[in-house]
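In case you want the letters, here they are:
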Amino acid sequence: MARTDWGIGIVGLGGIANTHLQAYRNAGLKVIGGADIDAERAKAMQDRWQLPFVTTDWRELIDHPEVRIVDITVPHKLAVRLPIVEYAAQRSKALFVQKPLLPCLEGAKQLVEVAERYKAPLMVNQNSVFVPAFLAMERYLRDGTIGTPYYCQIENRAWVDVSGHAWFGKDERWVTSDMAIHHFALVHHWFGEWDSVYALMGRDPSQTGVRGDNWSVVSVRFKNGVQACIINNWAYRGNRPRPHSREEIVIQGDKGCITGDSEDICVVTVDPPARIYPQFQGKWFPDAFANAMCHFIDALEAGRPFWCSGCDNLNAVAIAEAAYISAKERRAVQRAELL
Ligand SMILES: NC(=O)c1ccc[n+]([C@@H]2O[C@H](COP(=O)([O-])OP(=O)(O)OC[C@H]3O[C@@H](n4cnc5c(N)ncnc54)[C@H](O)[C@@H]3O)[C@@H](O)[C@H]2O)c1
């Protein structure tokens, strides 16, 4: 069996679907077609990517006999995603769902429960975990080069104007649920189960077109002793931006330190003193998307577990949920309160 035996149907042919399609083309994967409620957009995407099949009714796409993986890139709203997940799960299709699974934990749990009810495999396209540079960092993190890790810091700061966007930033939750989720999933993948979260959060009201939080500082304690500080600031007007996808990551261990971003990494060790510049191929966009889908297909093919399953991803969504509760109630939130 080959990866091309896993026909992909994309529900939602908007902005990020272009990255999916580029990634799958580069990786030689088989896209059967797409669905979008916007007929003009569907047609334009069909022409741009030479899609064999497009429809305005996602049921038709899911029912297509060659579609085995339903790739969901519609907005992360429960009312939009739940019927699609349910319909596909009932038909035993595999589900690949764009991050954030949902911005609130209760809704995310509902999606996971529906998939589990019908035993449909569900992976969240939590592509931060599959960024080539971050996979390279992970090797040094796990092989003891920097000793025992004890602290991780991620900082993403830029001015992000979404005033012209139809729905992004228009809900009560924004940067923490929609952007920081990349980082929450990454630190969960690296450091395991978290223990407690404390957050500062706010909104610069001068940033128009945004209703929710546009900055947050989220500290996470993990059960293995690592502590992380995750800063997402999309209201930064200063002259030293570190914008997504070049947010800065620092991981400190008792024998060294990893510093870098999605395009450049340096590992510093103390004994012997050394600077290592790991080599890797590819960038976040679109290579992490190809890596994520290939990982899913290979796992489905082999019948083995995969990273970022819906159930596992609840850990990341729960960090975001805990951050909102923490900022509102000005207290640390324990994992046991949510999961
Ligand atoms: N790095 C990343 O992984 C990354 C980057 C950008 C966006 N995203 C995520 O991807 C998702 C989509 O974001 P986007 O920027 O592409 O949004 P978008 O608004 O550009 O595209 C969404 C598309 O879904 C379509 N749609 C809406 N409801 C539908 C329905 N019921 N059936 C079929 N089509 C429907 C819309 O017409 C639109 O074309 C979001 O969850 C977002 O957070 C992830």
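What you see is a predicted model, and the numbers here were worked out from it, not measured in a lab.

A. The UniProt feature "domain: Gfo/Idh/MocA-like oxidoreductase N-terminal" (unreviewed entry) in the protein, seen in detail. Residues annotated by UniProt as "domain: Gfo/Idh/MocA-like oxidoreductase N-terminal" (unreviewed entry) correspond here to residues 8–125. Secondary structure within residues 8–125 divides into 47% helix and 23% strand; the distance between the first and last C-alpha atoms comes to 14 Å.

B. Local environment of the side chain of Asn232. As for its placement among the helices and strands, Asn232 is situated in strand S10 (residues 227–233). Polar side-chain contacts of Asn232 include one of 2.9 Å to the side chain of Asn156. A distance of 3.1 Å separates a polar atom in the side chain of Asn232 from a polar atom in the side chain of His183. Look past the residues within four positions of Asn232 in its chain and what remains in contact with it is Asn156, Val175, Met179, Ala180, His183, Asn214, Trp215 and Ser216.

C. Representation of the nonpolar core in the model. With 104 residues, the main nonpolar core has Ile69, Leu95 and Leu101 as its most contacted residues. A per-element tally of this core places helix H8 (residues 284–302) first, with 11 residues. Here this core spans two domains, since at least three of its residues come from each of domain 1 (3–127 + 286–308) and domain 2 (129–282 + 317–337). In contact with Leu95, not counting residues within four places along its chain, are Val70, Ile72, Val85, Ala88, Ala89, Ala115, Ala120, Pro121, Leu122, Met123 and Phe296.

D. Quick peek at the UniProt feature "domain: GFO/IDH/MocA-like oxidoreductase" (unreviewed entry) in the protein. Residues annotated in UniProt with the feature "domain: GFO/IDH/MocA-like oxidoreductase" (unreviewed entry) correspond here to residues 134–258. End C-alpha atoms of residues 134–258 are separated by 11 Å, and the span's content is 21% helix alongside 34% strand.

E. Molecular detail of the sheet that holds strand S13 (residues 265–270). Strand order in this open sheet of nine strands is S14-S13-S12-S11-S7-S10-S9-S8-S15, and the pairing throughout is mixed. Two strands in the sheet have a free side with no partner beyond their single neighbour: strand S14 (273–276) and strand S15 (333–334). Note: strand S7 (residues 149–157) against S10, seven bridges, orientation parallel. Directly across from Arg157, in S10, lies its bridge partner Asn233.

F. Expanded view of the environment of Gly225. Among the structural elements, Gly225 can be located in the loop between strand S9 (215–222) and S10. What makes Gly225 partly exposed here is its relative accessible area of 46%. Gly225 sits 20 residues away from Pro205 along the chain, and the two C-alpha atoms are 37 Å apart.

G. Spotlight on the sheet that holds strand S4 (residues 67–72). Taken in spatial order, the six strands line up as S3-S2-S1-S4-S5-S6 in an open sheet, and their pairing is parallel. Each end of this open sheet is capped by a strand with a single partner; those strands are strand S3 (53–55) and strand S6 (122–125). Across the sheet, the axes of successive neighbouring strands diverge by a mean angle of 20°, strand direction being ignored. By the bridge criterion, four bridges tie strand S5 (residues 94–98) to S6 in an arrangement that is parallel. Opposite Leu95, over in S6, you have Leu122 as the bridge partner. This element, helix H1 (residues 15–27), spans strand S1 (7–11), strand S2 (31–35), S4, S5 and S6 of the sheet and lies at about 170° to S1.

H. Up close: the domain arrangement of the protein. According to the domain assignment, the protein consists of domain 1 (3–127 + 286–308) and domain 2 (129–282 + 317–337). Computed from C-alpha coordinates alone, the two centres of domain 1 and domain 2 are separated by 26 Å. Taken residue by residue, the interface counts 21 residues in domain 1 and 19 residues in domain 2. Across the contact surface, domain 1 and domain 2 share one salt bridge. Of the charged contacts in the structure, one is a salt bridge between Asp171 and Lys77, with a shortest N-O distance of 3.0 Å.

I. Seen up close, the site of the ligand. The immediate surroundings of the ligand are formed by 24 residues, with Asp36, Arg41, His76, Asn127 and Trp167 found nearest. In the environment of the ligand, a nitrogen atom lies 3.4 Å from a nitrogen or oxygen atom belonging to the backbone of Ile37. Between the ligand and Lys99 there is a distance of 3.2 Å, counted from an oxygen atom to a backbone nitrogen or oxygen. Relative to its unbound accessible surface of 850 Å², the ligand loses 85% to contact with the protein. When contributions to the shell around the ligand are tallied by element, the ones reaching two or more residues are H1, helix H4 (78–90) and H8. The residue inventory of the shell around the ligand, partitioned by class, reads 11 nonpolar, eight polar and five charged.

J. How the structure looks around a nonpolar patch on the surface. A contiguous nonpolar patch, built from Tyr198, Leu200 and Trp215 and spanning about 270 Å² of accessible area, is present on the exposed surface. Locating Tyr198 in the fold gives a position in strand S8 (residues 194–202). Relative accessible area serves as the criterion here: at 36%, Tyr198 is assigned to the partly exposed category.

Definitions and cut-offs
- Residues numbered from 1 in each chain as written.
- Predicted model: local features only at pLDDT ≥ 70, side-chain atom pairs only at ≥ 80, totals over all residues.
- Heavy atoms only, no water.
- UniProt positions renumbered as here; feature names shortened; annotations may be inferred.
- Helix = DSSP H or I, 4+ residues; strand = E, 2+ residues; numbered from the N terminus.
- Polar contact = N/O pair within 3.5 Å; in protein donor to acceptor, adjacent residues only side chain to side chain.
- Contact = heavy atoms within 4.5 Å.
- Core = buried A, V, L, I, M, F, W, Y, C linked by side-chain atoms within 4.5 Å.
- Buried < 20%, exposed > 50% of the residue type's maximum accessible area, 1.4 Å probe, protein only.
- Domains from an automatic or database assignment.
- Pairing = 2+ DSSP bridges.
- Axes fitted to C-alpha atoms, helices over the stretch in contact; angles between N-to-C directions.
- Salt bridge = Lys/Arg side-chain N within 4 Å of Asp/Glu carboxyl O.
- Near = heavy atom within 4 Å.
- Areas by Shrake-Rupley, 256 points an atom, 1.4 Å probe, with all protein chains shown as cover.
- Nonpolar A, V, L, I, M, F, W, Y, C, P; charged D, E, K, R; others polar.
- Patch = residues over 30% accessible without salt bridge, like charges linked within 9 Å, V, L, I, M, F, W, Y side chains within 5 Å.

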